[in-house]
Every structure is written in structure tokens, then in C-alpha cells.
Amino acid sequence: MSIFRRQHHLKAGFGLGRTGEITTPHGVIATPAFIPVGTKATLKSLLPESLAQAGAQAVLANAYHLFLQPGHDIVDEAGGLGAFMNWPGPTFTDSGGFQVMSLGSGFKKVLSEEFAGTGRPDPAEAAQRSRPSDAHANVDDDGVDFRSHITGDVHRFTPEVSMEVQHGIGADIIFAFDELTTLLDPREYQEEALERTRRWAWRSLVAHKHLNAERRHRSEQLLFGVIQGAGYEDLRRKACRDLRAMHVDSPDPRGTGGFDGYGIGGALEKENLGRIVAWCCEELPEDAPRHLLGISEPDDFFAAIEAGADTFDCVSPSRVARNGAFYTPTGRNRITKPVFKRQFSPMVEGCACYTCTHYTAAYVHHLFKAHEMLAATLTTIHNEHFIIAMVDGIRRSITEGTYEDYKAETLGRFYGS
């Protein structure tokens with residue numbers, strides 16, 4: 001049985017965008033939706049209650065970080081992620097693959113804007129830059145050996161270990177173990193990694209089905225397959241077809257045998273984001289949710305939603321908030337600027353977030369200048385509310401048939417054109 005119910009589509013000729021509902025053991029997520037990231041079972045500086053007040057429908061935590069500290073067994077004993085962090089709604093965890101191969105390897109994932117418009121690198125340069133000789137993660141066909149960024153201890157993740165960790169954490173929606181690649185990796189390595197990810201997806205699916213059957217004291221967890229392939233259309237489409245075809249006889253009569261949804265991962269050139277997401281969504285089943293990993297900029301939301309994506313996660317709104325950056329309808333601003341020292345009105349006039357309805361820009365400016373922890377809390381509340389509300393507005397505009405106007409007004413004001 002599908003966990004996704006489609007409700008409205010964008011009008012013909014204007015993309016694959018849609019609204020819908022994802023049903024999880026801990027509630028329904030109305031889509032499109034932004035899912036804030038609470039990496040270590042917390043969104044830095046916020047109470048879960050504050051995140052709910054900001055409008056969040058669900059939260060995503062990180063399997064790698066919770067595996068290292070406090071340990072997935074501790075979270076399991078606590079009753080699972082939601083009980084552990086006092087979050088009653090739906091929860092996600094990623095597979096840990098990104099962190100295992102970025103934090104554990106000495107190279108960082110190349111994000112869209114870092115590589116936008118520069119063309120593809122020379123293969124020799126790519127090989128040298130993307131797989132440094134001092135890497136602390138070693139990938140083989142069975143899994144990945146990596147060093148903890150906390151203690152330096154060596155650990156090993158395989159698809160089966162990732163499933164064990166994520167089932168212990170107990171999120172409603174979890175992701176198959178996949179191999180991180182970057183835009184600097186040559187085509188040959190992308191093909192090799194894609195085949196490895198395909199095999200790992202199958203192993204993840206088999207392990208997941210058995211764990212769902214064995215762990216009947218917990219709610220059934222939902223597994224998303226992860227689509228890689230960088231900027232190559234044939235690889236992206238192949239990955240989608242391979243994952244869509246996977247089906248195992250489930251020992252759990254509650255299970256469907258295949259993936260419950262799909263995550264679109266990997267590095268993307270910003271200018272090609274919509275095109276790549278559309279390649280995937282054209283291949284994926286209509287009755288399955290599609291999660292795009294790691295975006296939070298307004299233009300990216302519109303491009304991805306038009307291409308058919310349903311949910312999104314990113315650490316950026318909270319990360320930039322801790323550095324004093326806040327979102328406004330006319331773009332990002334910095335609360336530490338001198339102009340805010342005597343602004344005894346909200347950071348954003350008319351904003352309905354808790355910060356803007358209770359505190360002045362001058363006060364938040366003071367908190368940053370005084371290095372007070374409350375500065376990060378108040379700015380993070382605002383940023384999360386702003387992004388969540390923007391995506392909620394997209395969902396509402398699709399339902400009401402006003403999407404084109406909402407897009408033009410929102411992006412025109414934010415980017416000044």
C-alpha cells in the first residue's frame with residue numbers, strides 16, 4: 001500500500017509539481033514540505049516545541065552522528081528518536097553515507113553553487129581532488145571503513161549496519177545506504193559508485209524488511225531508496241529504474257516488498273537542479289513520495305517542486321542563523337549590521353514567527369554583539385519559520401491555482417528582479 005496520496009497537480013505545461021500527503025506512523029506530512037535538520041536529535045539552539053511552533057511538520061536526524069554519540073542502542077532504549085528528543089511528529093534519518101564519506105574521508109561534498117557554470121573538471125584533476133591520499137574512509141564493494149571525527153576510532157558501515165543503526169534510532173522514514181560522489185569525480189567513477197549503490201540498495205531493502213518483521217515492538221519504518229548519478233541523465237534514469245524494480249518478498253505482512261519512497265541525492269549543479277530532478281521524477285512511480293536531499297534556497301525550491309519533488313531537508317537555515325544571517329522577503333540580511341542597533345521593531349515587519357512577534361531587531365543585534373546564546377535561538381526560529389512558510393505557501397498556491405503569481409512575486413522580491 002502506498003504511503004503517498006496525491007491531491008493537486010500544477011496545471012498542464014507548467015511542470016510536474018504536485019501537492020499530497022505522506023502517511024507515517026507518527027502523523028501525516030502535507031507536501032510540498034521543508035523538513036528541518038536536527039542532526040544530533042536536536043536542531044541546534046532550539047527546543048523541539050519551538051520548532052513545532054515555527055511550523056515544522058517533521059524533523060530529520062543523522063544516523064552517523066547518533067551512531068557515534070550517544071549510540072543507536074541508547075536511542076532505542078529511550079523508545080526511539082521521537083521519544084528521545086520529545087518530538088511527537090514524523091521523523092526521518094539519513095543513512096549516514098554522506099557523513100561517513102565526507103567527515104570520515106577528508107574531502108567535502110561539492111555543493112551546487114561551488115561548481116556552478118564552470119564546466120566539468122579535467123579527469124586527472126578530478127581524480128586527484130576527489131580522492132585524497134590521506135582519506136580516512138576506504139570504500140569497497142561490501143561497505144566503508146571510516147574514522148570517527150570525534151575519537152579517531154575506526155568503524156565500518158555496510159548496508160546492513162546502516163539499517164541496524166537506523167532501526168535502532170527508530171525514525172519513521174529512513175534511507176538506503178549509498179555512496180557519496182562529488183561533481184569532481186570522473187564519469188568512470190560515477191558509474192562504478194552507481195553500481196555499488198545499486199547493490200547496497202538491494203541489501204538495505206532486504207535487511208530493512210527483516211528488521212521490520214523482527215522489531216514488532218516498534219512502529220513499522222519506511223525505507224526510501226537513494227538515487228545517485230551526478231549530472232548524467234542516463235545514470236540518473238538508470239538508478240531510478242533499478243530502484244523502482246527492486247522488490248523482495250517481505251517476511252512482514254505489513255510490508256510492501258519494495259521501497260516506500262525515493263531520495264534524490266548526490267551533488268547537483270545549481271543551474272541543472274530542476275532538470276536532474278525532473279529526469280528522476282519522470283521515471284519514479286506517481287504514488288511514491290520523492291525527497292530531495294540538502295536544498296534550502298528559494299529558487300531551488302521552486303525549481304525542484306516544478307520538477308516533481310515533494311520534501312526537502314537542509315541545515316542551512318539554522319547554520320546561517322548562528323552566524324547572524326536572517327531571511328527577509330527581499331533577500332538575506334545580517335542582524336549584526338550597525339543599521340539594526342537602534343531598530344526597535346521586528347527583524348522583518350509582518351513576520352508571524354515567535355521572534356518577530358516578541359523581540360526587536362535591536363535586541364537580537366545586541367545579543368550577537370554580546371555573544372549571548374539566545375542570539376542563535378531567536379535567529380534560528382525566524383529562519384526556520386521563514387523557509388517552512390515559503391514552502392507552505394507554494395503548497396497553498398498549487399492548491400488554489402495561483403502558483404505562477406506566487407512564484408513571480410516571491411522570487412522577484414527575494415532576488416530583486
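As a starting point, this report considers the structure included with it.

About the thresholds
Residues numbered from 1 in each chain as written. Predicted model: local features only at pLDDT ≥ 70, side-chain atom pairs only at ≥ 80, totals over all residues. Heavy atoms only, no water. Pairing = 2+ DSSP bridges. Helix = DSSP H or I, 4+ residues; strand = E, 2+ residues; numbered from the N terminus. Expected span 1.5 Å × (residues − 1). Buried < 20%, exposed > 50% of the residue type's maximum accessible area, 1.4 Å probe, protein only. Contact = heavy atoms within 4.5 Å. Patch = residues over 30% accessible without salt bridge, like charges linked within 9 Å, V, L, I, M, F, W, Y side chains within 5 Å. Areas by Shrake-Rupley, 256 points an atom, 1.4 Å probe, with all protein chains shown as cover. Salt bridge = Lys/Arg side-chain N within 4 Å of Asp/Glu carboxyl O. Lys, Arg positive; Asp, Glu negative; His and termini not counted. Charge placed at Lys NZ, Arg CZ, Asp CG, Glu CD.

What to know about the pairing of strand β16 (residues 331–334)
A regular strand places its side chains so that they alternate between the two faces of the sheet. The pairing of strand β15 (residues 325–328) with β16 spans four bridges and is antiparallel. The residue of β16 that forms the bridge with Phe326 is Asn333. Taking the residues between adjacent antiparallel strands as the criterion, β15 and β16 are bridged by two residues.

Description of helix α15 (residues 374–400)
Across its 27 residues, α15 extends 38 Å between first and last C-alpha, which sits within 8% of the 39 Å expected from 1.5 Å per residue. Buried residues dominate α15, accounting for 22 of its 27 residues. With its phi angle positive at about 75 degrees, Gly401 sits one or two positions after the end of α15.

A short note on the environment of Met85
When you line up the elements, Met85 lands in helix α4 (residues 81–85). Once you skip the residues sitting within four places of it in the chain, Met85 turns out to touch Ala41, Thr42, Pro48 and Val59.

Examining a positive patch on the surface
Among the surface-exposed residues, Lys40, Lys44, Arg319 and Arg322 lie close enough to one another that they form a single positively charged patch. Its place among the elements puts Arg322 in helix α12 (residues 316–322). Take Arg322: its relative accessible area is 30%, and that puts it in the partly exposed class.

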